[in-house]
Amino acid sequence: MVAIVYYSRTGSTREYAKGIKDATGGDLIELLERNPKKTNGQCAIQALFGVCPQLENKDLELAPYDLVVLLTPIYAFNPSPAINSFLKIANLKEKKVYLVTLGEDPKSHRKPTEKIKRKVEKKGGTFLGSSSFRGASMFKKTFYFTEEELRKNIGEIVQRLS
Ligand SMILES: Cc1cc2nc3c(=O)[nH]c(=O)nc-3n(C[C@H](O)[C@H](O)[C@H](O)COP(=O)(O)O)c2cc1C
């Protein structure tokens, strides 16, 4: 069973999460912050300082799943704060984890990917690998990908999961 755990503020990461759900039949788990961020500045500062905001999610039970696909936007060269919160509370023992990062510049996602990999391994998970793609434009909030590119990229991710 596959859990697709994601945080999305402007929707691009959600599109990838939904595409992976459609391709794998997994369960979507959207991470929701108790006090959603209102500004880009809040996102950047919390990401830079590794803040773990309180989540609304009551049920982050991962027992039924053997594979967790984790999706996050990158803010200020760091994982999103909601993903920090998830990685703090989740029990990843004996879980396989695949990471998908979204952002303006996927080539700069190595550092946040390494951070997440270390946390996954510290929580007892096995890090399978990662993919990085262009998501939404930071200021205009429009998506960089077409429907066709999304389908192709989802296909690549799903291939790497099997
Ligand atoms: C405050 C802020 C900082 C960002 N910093 C980065 C960054 O360091 N690297 C990057 O590739 N994208 C960066 N982005 C772009 C977001 O990661 C991108 O828009 C992402 O697709 C948003 O995901 P969402 O649409 O699911 O919310 C930043 C966006 C914001 C708002």
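Here, the structure is the one placed above.
Let me sum up the structure you'll find in this document. (Residues numbered from 1 in each chain as written. Predicted model: local features only at pLDDT ≥ 70, side-chain atom pairs only at ≥ 80, totals over all residues.)

Points about the site of the ligand
- Near the ligand there are 23 residues, and of these Ser8, Thr13, Pro73, Gly103 and Gly135 occur at the shortest range.
- Classifying every residue of the shell around the ligand gives 10 nonpolar, nine polar and four charged. (Near = placed C-beta within 6 Å. Nonpolar A, V, L, I, M, F, W, Y, C, P; charged D, E, K, R; others polar.)

Focus on the pairing of strand E5 (residues 96-103)
- In terms of burial, E5 is a largely internal element, seven of the eight residues being buried.
- Summarising the sheet, E5 and strand E6 (residues 126-134) pair through eight bridges and their orientation is parallel. Looking across to E6, one finds that Val100 is bridged to Ser131.
- You can see the chain leave E5, run along helix H4 (residues 110-122) and come back into E6, and the turn it takes is right-handed. (Buried ≥ 20, exposed ≤ 12 C-beta atoms within 10 Å, placed from the backbone. Helix = DSSP H or I, 4+ residues; strand = E, 2+ residues; numbered from the N terminus. Pairing = 2+ DSSP bridges. Right-handed = clockwise from strand over helix to strand, strands pointing away.)

Focus: the packing of helix H1 (residues 12-24) against helix H5 (residues 147-161)
- Running from amino to carboxyl end, H1 crosses H5 at an angle of 60°, the nearest separation of the two axes being 10 Å. As the angle between them shows, H1 and H5 are arranged oblique. The crossing of H1 and H5 is right-handed. On the side of H1, the interface is formed by Glu15, Tyr16, Gly19, Ile20, Ala23 and Thr24, while H5 contributes Leu150, Ile154, Ile157 and Val158.
- Looking at the contact of H1 with H5 residue by residue, the classes come out as seven nonpolar, two polar and one charged. (Axes fitted to C-alpha atoms, helices over the stretch in contact; angles between N-to-C directions. Parallel < 35°, antiparallel > 145°, perpendicular 65-115°, else oblique. Left-handed = near helix turned anticlockwise from the far one by under 90°. Contact = placed C-beta atoms within 7 Å.)

Re the nonpolar core
- With 32 residues, the main nonpolar core has Ile4, Val5, Val69 and Leu70 as its most contacted residues.
- Those elements that place two or more of their residues in this core are strand E1 (2-6), H1, strand E3 (67-75), helix H3 (81-89), E5, H4 and H5. (Core = buried A, V, L, I, M, F, W, Y, C linked by C-beta atoms within 7 Å.)

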